[in-house]
Structures are given as structure tokens and as C-alpha cells.
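# Architecture at a glance
Listed here are the chains, written in short residue letters.
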Amino acid sequence: FLETQLKPLYVYTLRMHFYYILKVMKMSEDRLPNYLAKKCVQLNIYWAKEWEVLRLKYNVPLNLHIELSEWKAMIDKSLETIDQSMRSEFGRKALSAQNHPQYLALRGERDVVPLCKIEDFQVKRWFLKIRGDLLALKHRPYEAQDQSCELCSSGDVENAYHFIGKCTAMMG
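So, a few notes on the structure that sits alongside this text.

So, how was this worked out
- Residues numbered from 1 in each chain as written.
- Predicted model: local features only at pLDDT ≥ 70, side-chain atom pairs only at ≥ 80, totals over all residues.
- Heavy atoms only, no water.
- Core = buried A, V, L, I, M, F, W, Y, C linked by side-chain atoms within 4.5 Å.
- Buried < 20%, exposed > 50% of the residue type's maximum accessible area, 1.4 Å probe, protein only.
- Helix = DSSP H or I, 4+ residues; strand = E, 2+ residues; numbered from the N terminus.
- Contact = heavy atoms within 4.5 Å.
- Axes fitted to C-alpha atoms, helices over the stretch in contact; angles between N-to-C directions.
- Parallel < 35°, antiparallel > 145°, perpendicular 65-115°, else oblique.
- Left-handed = near helix turned anticlockwise from the far one by under 90°.
- Nonpolar A, V, L, I, M, F, W, Y, C, P; charged D, E, K, R; others polar.
- Phe/Tyr/Trp six-rings, centres within 6.5 Å; stacked < 30°, edge-to-face > 60°.
- Patch = residues over 30% accessible without salt bridge, like charges linked within 9 Å, V, L, I, M, F, W, Y side chains within 5 Å.
- Areas by Shrake-Rupley, 256 points an atom, 1.4 Å probe, with all protein chains shown as cover.
- Salt bridge = Lys/Arg side-chain N within 4 Å of Asp/Glu carboxyl O.

## Description of the nonpolar core
- Ranked by internal contacts, the top residues of the largest apolar core, which has 25 residues, are F18, W47, W51, W71 and I82.
- Secondary-structure elements contributing two or more residues to this core are α1 (9–25), α2 (32–43), α3 (47–58) and α4 (71–95).
- Looking at this core element by element, the count peaks at seven residues for α1.
- Excluding residues that lie within four positions of it along the chain, W51 makes contacts with H17, F18, I21, L62, L64, W71 and M74.
- Counting five residues, the second largest nonpolar core, distinct from the first, contains I130, L137, A160 and F163.

## Section: the packing of α1 against α3
- For the pair α1 and α3, interaxial distance at closest approach is 13 Å and the crossing angle is 130 degrees. Comparing the axis directions of α1 and α3 gives the class oblique. Crossing hand, α1 versus α3: left-handed. Here α1 contributes Y10, L14, H17, F18 and I21 to the contact with α3, which in turn contributes W47, W51 and L54.
- Taken together, the residues of the contact of α1 with α3 break down into seven nonpolar, one polar and no charged.

## What to know about the packing of aromatic side chains
- All told, the structure shown has three aromatic pairs when counted by the stated rule.
- Ring centres of W51 and W71 lie 5.8 Å apart, and the angle between their planes is 50 degrees; this geometry places the pair in the tilted category. In this pair, W51 sits in helix α3 while W71 sits in helix α4, placing the two residues 20 residues apart along the sequence.
- Among the residues examined, W51 registers a relative accessible area of 2% and is labelled buried.
- Three or more aromatic residues joined by ring pairs form one cluster here, namely F18, W47, W51 and W71.

## Thoughts on a nonpolar patch on the surface
- Taken together, L9, Y12 and M16 make up a surface patch of nonpolar side chains, about 370 Å² in accessible area.
- Position of L9 among the secondary structure elements: in helix α1.
- L9 sits in the exposed class, given a relative accessible area of 64%.

## Topic: the pattern of salt bridges
- Taken as a whole and assessed by the stated rule, the structure comprises five salt bridges.
- With a closest N to O distance of 2.5 Å, E52 and R55 form a salt bridge. Taken together, the residues span about one helical turn, with E52 and R55 both in helix α3 at a distance of three residues.
- For the salt bridge of D83 with R87, the shortest nitrogen-to-oxygen distance reads 3.1 Å. Taken together, the residues D83 and R87, both in helix α4 and four residues apart, mark about one turn of the helix. Judged on exposure class, the residue D83 and its partner R87 are both buried.
- By sharing partners, the salt bridges in this structure join K7, D83 and R87 into a single network.

What follows is the structure, given as C-alpha cells:
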């Protein structure tokens, strides 16, 4: 999310799910999808049970017992709240990163340049390599062997953060 500034895929698919259920609930009473959806609500099973989990986890107003005319507003408000909550969570995780120390240098979302605003393809390639840990660097969080940088002989761990921001051999 930090690099692309796109909505999380989960929010996109959740929106599709919510609007599908709304469409089914608007069907006539004699349609099987409508009958089954109402049974799910009545018995609090399948997707209806998951909506309750979302309501509790994100503190959103998912109430299946309100008037159908109010569902669209309820869905939109819930999706916005979930999206904002996920964005905040991504930011917190980035600022406490252990395997990607380059994020520790960030002070917030404003410090990140979205990939869509970078026009040079080669720069985008480097960003994706760094983010995906696809550089052939010595840092491996799961290994205990010597991981110090051989290029600058500083003794620092050779990770992406050191490679792009601290290595004196790369700055020269």
C-alpha cells in the first residue's frame, strides 16, 4: 500500500461482496438467493457471521436488521472505516518493521513517493527490487553468519537500508 497508494485488495473485494448481498436482498421475496440471504441473517451463519466479526474488529456500523434503504449508506461508511483502519495498520507495521529497515527511516505516509508518480521505469524497477528484497545482499534475518557490508568495510549489516542510504561505496 505505501508504495502504490492503492486501496487494499481486501477492501475492493469486500465492496463487491457487500454490494452483491445488497443486490440479493433487493430481489423479490420468491427468489432463492433472497430467501437464502435472509436465512443467513436469521441464523447468523456464513457471510452474516463474518459481517459481525468485521463489525467488532473495525467498530463499523454493520447492522443487518436496519431498513434495506439504509444499507448503502451503512456499507459505504463501513468500507471507508475499514480502509482507513487498514491504512493506519500498514503505516504502524512499516514504522516497526524488522525485516525491511528502510521503512524505519520513514516518519509517516507523507515521506513515501507513490510508484505511480515515478515516471522512470528503471527507478521503479529499483524500488520494486528493494521492496521485494530482491537485491543480492548478505542480510538474511534468519541466518546467523557474518552479514557485514564488504563494499565499504564499515561493519554495518548489508541490507537494503544500508545499500541505498548509508554505504559509502555506493555514494561515491
